[in-house]
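A structural walkthrough
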Amino acid sequence: MSSKRQQEDSDSTDKKKRRKKREEIAELSSVVDDEEVKRAVKEAWSQRTQYSHGDLELDCHPFPHCVIQNFISSESFIENLQRELLDLNFHEKSNDLYKFKQSDDLGKRTEPHISGFRAALFGRFRSWIGEVLGVELEPTVDISCARYQYTDILLCHDDELEGRRVAFILYLVPPWQSSDGGTLDLFSTDSNFQPQSIVKSLVPSWNTLVLFEVSPVSFHQVSEILSEDKCRLSLSGWFHGPSLERPPRHIEPPIARSPHLARDETLLLEWVNPVYMDISYQEQIQEEFEDSSEIQLKDFLKEEKFMEVSEALRLSQVQWTRRGLPNKRCYEVASLDTLPPCVSACLELLRSEAFFLLLSNFTGLRLHYLCPNDEDDENEGDKEKEEQEDTRDGEATGSLIDLPSADKSREKELSTPECYGELRRWSHGDYTLLHDGEAARAEYALDLMLPFGCSDWQSEFGGFTSYVANEEDEELLTVYPEDNSLALVYRDKETLKFVKHINHKSSSQPAGSPCRGFYDFSFVYYE
């Protein structure tokens, strides 16, 4: 019995030894062990000044960030680490902010080089960072692996999330140039702590670690991968600790809305495909819209009108202004006073009283005071009875004269329907993002999109509009740009939308192909 227990104990000890042998030791750059360098980095970081020594460089513009080349001193270790990482399972990640492949969390992986690197990073190096910043960092392990390939991207954001104090990225890439994309772009910020423009781009390089303090101004992005054959492999994550104090989030002023323009149905008859003017067809559209809260009306404008506007947009000297901020949106809007007459007329159509009423007929929404509501339907019988009694009593004299004023009185009791809209131009690099301000101000609304110039647009280019449930990954609806197809989408307070980043495929077409891009009228209507 005693002999058997000794054998079991011996086997257990051997297994533990074998497990220990499996974890390879990651030797870090010698600059991390240099006490004098550590003191100098600490002072420069606190003073927001530059410092460099050997493979280490600290720069505080536009915010403090440190680059350490040859971070792992053993070349064989880093090569084996890369090999282990490439053997992991990766999952496609895609939403408004990013598109790339990511591994599962690496906090408990047992591969010898992954576990060895993790131990060194969240052991010795975490202590080094804590001493440099003068804060006690938590032992929380937060690390994963990312693979960025052609057209993958991570758009402008600040990394701020409760507990994150320092972000890090270790690059395991082949020889890399800025023309390959995938740079780590750093943004300057304005007085409202909002990102302005890219002021520095760090090109990935083999065995190089980049780290920066997560703060209200640490806006950065991974630019789109432009190389079709290179893989941007990296290990990234955060050291956790007490968060820096954050000022109140900047709230953009709301976009001004306006009521309809006083234009009658002559405008509709001039512009709109006659099939959509048929009352019975409008009822059919409304029935379909009420079932799904969205509809696309193909060939909406008369063909000659659509072609006239398309040609005018293509040839005219419209002035376009880029609309930011980079952490919210990036696209161009037309200056209204530079629009050709036919484009202005189309814009006027979408703001006209007659069009508000047409939208009411399409959707059943109260976008015009003449549109009946549910209470009208319920009380219709009571009103008819009252009218009959009034007629019998001889009190109906002059009712036709009084009716308009009664309608006007009723109109005032209701909220005035309003809208805002713009003419947008979309091309490579454009997008919109979900953001806190939009979620806080979300309300019931009817979205309208009418695209031009996208006859050969492909879904893989991006540029489509996605509707998602607030604070959920669930995608509710995707609207792809389609020439002369009027898209109507009714959204509630819990539904948000974004336009997916337009990637490099949209512009990398054979010689002689037209420039990839399109235009759209984008309107939002409120009851």
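Structure: above.
Residues numbered from 1 in each chain as written. Predicted model: local features only at pLDDT ≥ 70, side-chain atom pairs only at ≥ 80, totals over all residues. Heavy atoms only, no water.

Moving on to the overall build of the protein. Of regular secondary structure, the protein possesses 13 helices and 24 strands. For the protein, the proportion of its 527 residues judged to be buried stands at 47%. Taking the contacts inside the protein whose residues are at least 6 apart along the sequence as the reference set, 80% of them involve residues at least 24 apart. Element-wise, carbon and sulfur atoms account for 47% of the exposed surface of the protein, whose accessible area totals about 27100 Å². (Helix = DSSP H or I, 4+ residues; strand = E, 2+ residues; numbered from the N terminus. Buried < 20%, exposed > 50% of the residue type's maximum accessible area, 1.4 Å probe, protein only. Contact = heavy atoms within 4.5 Å. Areas by Shrake-Rupley, 256 points an atom, 1.4 Å probe, with all protein chains shown as cover.)

Moving on to the pattern of salt bridges. A side chain of one charge can pair with a side chain of the opposite charge if their charged atoms are brought near each other. Going through the model one piece at a time under the given rule, you end up with 25 salt bridges. The salt bridge partner of Glu 160 is Arg 246, with a shortest N-O separation of 1.7 Å. Separated by 86 residues along the polypeptide, Glu 160 in the loop between strand S7 (153-157) and strand S8 (164-171) and Arg 246 in the loop between strand S13 (232-240) and helix H6 (266-271) bring together distant segments of the chain. Taking relative accessible area as the criterion, Arg 246 reaches 27% and is therefore assigned partly exposed. Among the ionic pairs, Arg 424 bridges to Asp 520, the shortest N-O distance being 2.8 Å. Here Arg 424, found in strand S17 (residues 418-427), pairs with Asp 520, found in strand S24 (residues 517-526); they are 96 residues apart in sequence, far enough to count as distant. Classification of Asp 520 by relative accessible area gives buried; the value is 5%. (Salt bridge = Lys/Arg side-chain N within 4 Å of Asp/Glu carboxyl O.)

Below, the discussion takes up the packing of helix H7 (residues 279-292) against helix H10 (residues 353-363). Axis separation between H7 and H10 bottoms out at 6 Å; the angle between their running directions is 60 degrees. If you check the angle between H7 and H10, you find them oblique. On the side of H7, the interface is formed by Gln 282, Ile 285, Gln 286, Phe 289 and Glu 290, while H10 contributes Leu 358, Ser 360, Asn 361, Phe 362 and Thr 363. Here the residues of the contact of H7 with H10 sort into four nonpolar, five polar and one charged. (Axes fitted to C-alpha atoms, helices over the stretch in contact; angles between N-to-C directions. Parallel < 35°, antiparallel > 145°, perpendicular 65-115°, else oblique. Nonpolar A, V, L, I, M, F, W, Y, C, P; charged D, E, K, R; others polar.)

Note that Arg 165 resides in strand S8. On the basis of relative accessible area, Arg 165 is assigned to the buried category, the value being 7%. Within polar-contact distance, the side chain of Arg 165 engages the side chain of Glu 213 at 3.0 Å. If we ignore the near neighbours within four places in the chain, the residues touching Arg 165 are Val 135, Leu 137, Phe 212, Glu 213, Val 214, Phe 239, His 240, Gly 241, Pro 242 and Leu 244. (Polar contact = N/O pair within 3.5 Å; in protein donor to acceptor, adjacent residues only side chain to side chain.)

Moving on to helix H8 (residues 303-315). Taking 1.5 Å of rise per residue, the 13 residues of H8 would be expected to cover 18 Å, and the 18 Å separating its terminal C-alpha atoms lies within 8% of that figure. At its buried positions, H8 is contacted by H6, helix H9 (341-351), S17, strand S19 (445-452) and S24. (Expected span 1.5 Å × (residues − 1).)

In this structure, Val 272 sits in the loop between H6 and H7. According to the relative accessible area criterion, Val 272 is buried, its value standing at 1%. Expressed as a C-alpha distance, the spacing of Val 272 and Leu 301, which sit 29 residues apart in the sequence, is 4.6 Å. Beyond its immediate chain neighbours, meaning those up to four positions away, Val 272 contacts Met 277, Phe 300 and Lys 302.

In contact at an axis separation of 8 Å, H8 and H9 are set at 125 degrees when each is read in the N-to-C sense. With respect to H9, the axis of H8 lies oblique. At the point where H8 passes H9, the crossing takes the left-handed sense. Taking contact as the criterion, the partners of Glu 308, Val 309, Ala 312 and Leu 313 in H8 are, on H9, Cys 342, Val 343 and Cys 346. Along the lines of polarity and charge, the residues of the contact of H8 with H9 split into six nonpolar, no polar and one charged. (Left-handed = near helix turned anticlockwise from the far one by under 90°.)

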